[in-house]
Amino acid sequence: MKNKLFEKYFVFSPYFWLVLFFFIPLAIIFKISISVSEWGMPPYQDIFLFDNGFKINTTFENYVYIFSDYYYIGSFVNSLILALISTFFCLLIGFPLAFYIATSNIRLRNILLVLVVIPFWSSFLLRVYAWKIILQNNGILNVILLNLGITSEPLQLLYNQYAVIMGIVYTYLPLMILPLYGYLNKFDLNLIEASKDLGLNRIKTFFKVILPLSVPGIVAGSLLVFIPVVGEFIIPEMLGGSDRLYYGKILWEEFFVNRNWPGASALAFSGIIILVLPIVIFQILYSRWSQKNEI
Amino acid sequence: MDNNFLVIENISKSFGDNKVLENINLNISKSEFFGLLGSSGSGKTTLLRILGGFEKPDTGRVILDGMDITNLEPFDRPLNYMFQSYALFPHLNVFNNLAFGIKENFTQKEIEINVRNIAELLSIEHLLNRRIKQLSGGEQQRVALGRCLIKKPKLLLLDEPLAALDKKLRSKTQLELTTLQKKLKITFVFVTHDQEEAMSLSDRMAIMKNGLILECSSPEEIYENPKSLYTANFIGIANIIEIYKKDENFYSDDLGINFKLNKELKNTKTNILLRPEKIKIQSINNLKTSSFNSFCGEILEKSYLGSFTRYEIKIKNMIISVLDQNFNSNSNYNFPKGEKVICSWESESIKVLED
């Protein structure tokens, strides 16, 4: 009896965690997002008023406000594009790497896996800051380029969208490689030989055999990169410039600079819905597809 | 017959310091069913993989139907390879697995027709819409075979084609495979570690050991007249006896008897092979031992195998295996354990092993 209880607690503890630190805060954010804003602390009115009898004091003004200003929608679109591009580059670099690791002999494989994970041992903030030092005007990269005579004056490598993409790809690459590796590890190499034997060259073998059989790994890795990058705040803040505004930064400003808590909450809540709904639909369709194809 | 359809010339291959193949030479005829037999580590699979193009030999050439294919990629070779694990594509159904190799060069209609034909040939028409996971081992084997045969290869390479099947299915598939091969007249080269499989499938076979070909001949020839001690022991049951010249005849210290050979020997000391089914076993009451090619021994072990009974007979320092065919249905015909019997054989049954 006692064991059963323990088992139940053990299995459901992640759900307690989710409820406590995700669904309750989400409900609070939703509550704030439909509140009327005012000057004060906290900077919004209660949604239930009791002074002249019971009255519900809610508004959708905040949603109207953020959806009518392209400033907010635009930043969200920028973030989606950033996430798409970063995921694409992570996949482009991560797939061959993961495939190479998965197919190399056990000793080399373990060394390579450790190398992939090593960046996690140092602070994320520190690593992004290091890129700032590398890319700045008198940074190491510019010094090399100047000394080699490739450019006559320092290039502006920092504070633009390209630096942001680079920083994100660098940071999130292990999150792409590890799930891909986990999947490719089980790949039967005889299938590649069989495909070649049946007359398909390397490129066709890749598209007809390797790629279709890697879809689950690609999906897992891509979601792991895409979702957090949409809300990424620190990397655009440290490496980005004023050429592009991103969702995470706007959210932060709306909350802490403009002190528009209801507006910021509406923005956050919309962002989650816009992001989560398509992904849930995609997951359902995908699991049906993969069941049908038995991958 | 054209003996030069597939020519393997001076093929050597090492992995690091490990010499896997040493100077292999083989000529295989068109439409021949050729077996490579060896224990694990003999290099047989490496040789097959070199033929398939998955490994490059360090030295030597492979010539197929007059064309040097040594440096061709697997996808440019007019041959196909059937993997031991079958390597069927799990993301495709049976139809698309069969059509995989012909999708490029054929129209949809031609693909349909070809797949139907090959499915009919292998009696798998009812499986075309199945997923690979829904197939039994035997069905998977047929799909793997069909996927190769649909390409009409000049040469089909088979890596342990029957190893993944259970025993009963294996003997059935063995027969089907030979029938199919004779019907299609495609040259088959296969690898196996199972001597029975090699004997029943092959027109000719090569015995491999440590990267060398010890012997290459028909199964009958290899069984009846093996050249080396290794082959004699490897194929079937073998009684190996050391004899030396003594007066007119030959003498074995282990058995304490004389041997009479029907041919002259170069060496004064040699090993001979006596297959267990060549030895006649008789009751001691019937006759007396002759002065050569026979002995009187005691039955140590006996196992009844249905059509045969296998006896282990002790004489002096040796135990000799004898296979006796069960002619009579009367079980009393069998000799009981512990009984003394007389064993004898013809001079022609004694095979001299050269080395």
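1. Section: the overall build of chain B
Counting its regular elements, chain B contains eight helices and 20 strands. Each principal axis of the C-alpha distribution contributes one length, and for chain B these read about 80 × 50 × 40 Å.

2. Digging into the overall build of chain A
For chain A, the count of helices and strands is twelve helices and two strands. Each helix and strand of chain A, ordered N terminal to C terminal, gives the series α-β-β-α-α-α-α-α-α-α-α-α-α-α. Taking 2.2 N^0.38 as the reference for a compact globule, 295 residues should give roughly 19 Å; the C-alpha atoms of chain A span a radius of gyration of 24 Å, well beyond that estimate. Counting only C-alpha atoms, chain A reaches 80 × 70 × 40 Å along its principal axes.

3. Side note on the sheet that holds strand 3 (residues 33–38) of chain B
Residues and elements named next belong to chain B. On the basis of which strands lie adjacent, the open sheet formed by six strands has the order 6-7-8-3-9-10 and mixed pairing. Looking at the sheet topology across the chains shown, the edges are occupied by strand 6 (79–82) and strand 10 (212–217). Neighbour-to-neighbour, the strand axes of the sheet open up by a mean angle of 15°, direction not taken into account. Two strands pair when backbone bridges link them, and strand 9 (residues 204–209) and strand 10 are joined in this way by five bridges, in the antiparallel orientation.

4. Examining the pairing of strand 14 (residues 269–274) of chain B
Along any regular strand the residues' side chains alternate between the sheet's two faces. All names here are of chain B. For strand 11 (residues 239–246) and strand 14, the ladder comprises six bridges, and the chain directions are antiparallel. When the bridges of strand 14 are listed, asparagine 239 appears paired with leucine 274. One ladder, built from three bridges, connects strand 14 with strand 20 (residues 351–353); its direction is antiparallel. Across the sheet, asparagine 271 pairs through a bridge with leucine 353, a residue of strand 20.

5. Examining the interface of chain A and chain B
In this complex, chain A contributes 17 residues to the contact, which on the side of chain B involves 20 residues. Here the side of chain A that touches chain B takes six residues from helix 8 (residues 189–197) of chain A, the largest share from any one element. Considering only residue class, the side of chain A that touches chain B consists of eight nonpolar, four polar and five charged.

6. Description of the domain arrangement of chain B
Parsing chain B into structural domains produces domain 1 (6–227) and domain 2 (239–353). On a C-alpha basis, the centres of domain 1 of chain B and domain 2 of chain B stand 40 Å from each other.

7. Here's the deal with the confidence of the model for chain B
The predicted model of chain B averages 89 in pLDDT, with 97% of residues at 70 or higher. Across the whole predicted complex the pTM is 0.80, and at the interface the ipTM reaches 0.84.

8. Looking at the nonpolar core
Soluble globular proteins tend to pack their nonpolar side chains together in the buried interior. Judged by nonpolar contacts, the single largest core of 69 residues is most densely connected at Leu36, Met82, Leu156, Leu157 and Val189 of chain B. Ignoring sequence-local partners within four residues, the contact set of leucine 157 of chain B consists of Leu48, Leu51, Gly52, Leu79, Tyr81, Met82 and Val189 of chain B. Judged by nonpolar contacts, the second largest core, of 48 residues, contains Leu82, Cys90, Leu135 and Ala163 of chain A.

9. A word on the pairing of strand 4 (residues 59–64) of chain B
Residues and elements named next belong to chain B. Bridge analysis of strand 1 (residues 6–15) against strand 4 gives five bridges, and the strand direction is antiparallel. Of the residues in strand 4, the one forming a bridge with serine 12 is threonine 59. When strand 4 meets strand 5 (residues 67–68), the two strands line up antiparallel, connected through two bridges. Residue isoleucine 63 lies in a different strand from strand 5, and its bridge partner there is aspartate 68.

10. Considering helix 3 (residues 108–121) of chain B
All names here are of chain B. Between the first and last C-alpha of helix 3 there are 20 Å, a value that for 14 residues agrees with the 20 Å anticipated at 1.5 Å per step. Restricting attention to buried positions, one finds in helix 3 the residues Val115, Ile118 and Ala119. The buried residues of helix 3 occupy an angular sector of 100° when the element is viewed end-on, so they sit on one face. Along helix 3, the residues that are exposed and aim more than 90 degrees away from the buried face are Lys109, Glu110, Ile113 and Glu120. Of the residues trailing helix 3, serine 123 is marked for its positive phi of about 50°.

11. Structural notes on the sheet that holds strand 19 (residues 340–344) of chain B
Residues and elements named next belong to chain B. Strands sit in the order 15-19-16-17-18 across an open sheet of five strands; the sheet is antiparallel. If you trace the sheet from one side to the other, it starts and ends with strand 15 (280–283) and strand 18 (318–325), each paired once. Taken over all neighbouring pairs, the strand axes of this sheet differ in orientation by 45° on average, direction set aside. Alignment of strand 16 (residues 294–304) against strand 19, held across five bridges, turns out to be antiparallel. In the strand pairing of strand 19, glycine 297 is matched with valine 341.

12. Considering the environment of isoleucine 124 of chain B
Residue and element names in this part refer to chain B. Secondary-structure assignment places isoleucine 124 in the loop between helix 3 and helix 4 (137–149). The class for isoleucine 124 is buried, based on 20 C-beta atoms found within 10 Å. Between the C-alpha atoms of isoleucine 124 and asparagine 10, which are 114 residues apart in sequence, the distance is 41 Å. Ignoring anything within four residues of it in the chain, the contact list for isoleucine 124 reads Val94, Ala119, Glu139, Arg142, Val143 and Gly146.

13. Things to note about unusual backbone geometry
Backbone geometry places tyrosine 159 of chain A, a non-glycine residue, at a positive phi of 60°. With respect to the helices and strands, tyrosine 159 of chain A occurs in the loop between helix 6 (140–147) and helix 7 (161–184). For serine 31 of chain B, which is not glycine, the phi torsion reads 65° and is therefore positive. Within the element layout of this structure, serine 31 of chain B appears in the loop between strand 2 (18–28) and strand 3.

14. Things to note about the packing of helix 3 (residues 70–103) of chain A against helix 9 (residues 202–230) of chain A
Residues and elements named next belong to chain A. Remark: helix 3 packs on helix 9, axes separated minimally by 9 Å, with the N-to-C direction vectors making an angle of 145°. Crossing hand, helix 3 versus helix 9: right-handed. Facing helix 3, whose interface residues are Ser79, Leu80, Leu82, Ala83, Ser86, Thr87, Cys90, Leu91 and Gly94, helix 9 presents Ile218, Gly221, Ser222, Val225, Phe226, Val229 and Val230. Counted by class, the contact of helix 3 with helix 9 contains ten nonpolar, six polar and no charged residues.

Rules and cut-offs
- Residues numbered from 1 in each chain as written.
- Chains lettered and ligands numbered in written order.
- Predicted model: local features only at pLDDT ≥ 70, side-chain atom pairs only at ≥ 80, totals over all residues.
- Helix = DSSP H or I, 4+ residues; strand = E, 2+ residues; numbered from the N terminus.
- Rg over C-alpha atoms; globule rule 2.2 N^0.38 Å.
- Pairing = 2+ DSSP bridges.
- Axes fitted to C-alpha atoms, helices over the stretch in contact; angles between N-to-C directions.
- Contact = placed C-beta atoms within 7 Å.
- Nonpolar A, V, L, I, M, F, W, Y, C, P; charged D, E, K, R; others polar.
- Domains from an automatic or database assignment.
- pLDDT = per-residue confidence, 0-100.
- Core = buried A, V, L, I, M, F, W, Y, C linked by C-beta atoms within 7 Å.
- Buried ≥ 20, exposed ≤ 12 C-beta atoms within 10 Å, placed from the backbone.
- Expected span 1.5 Å × (residues − 1).
- Arc of directions from axis to C-beta.
- Left-handed = near helix turned anticlockwise from the far one by under 90°.

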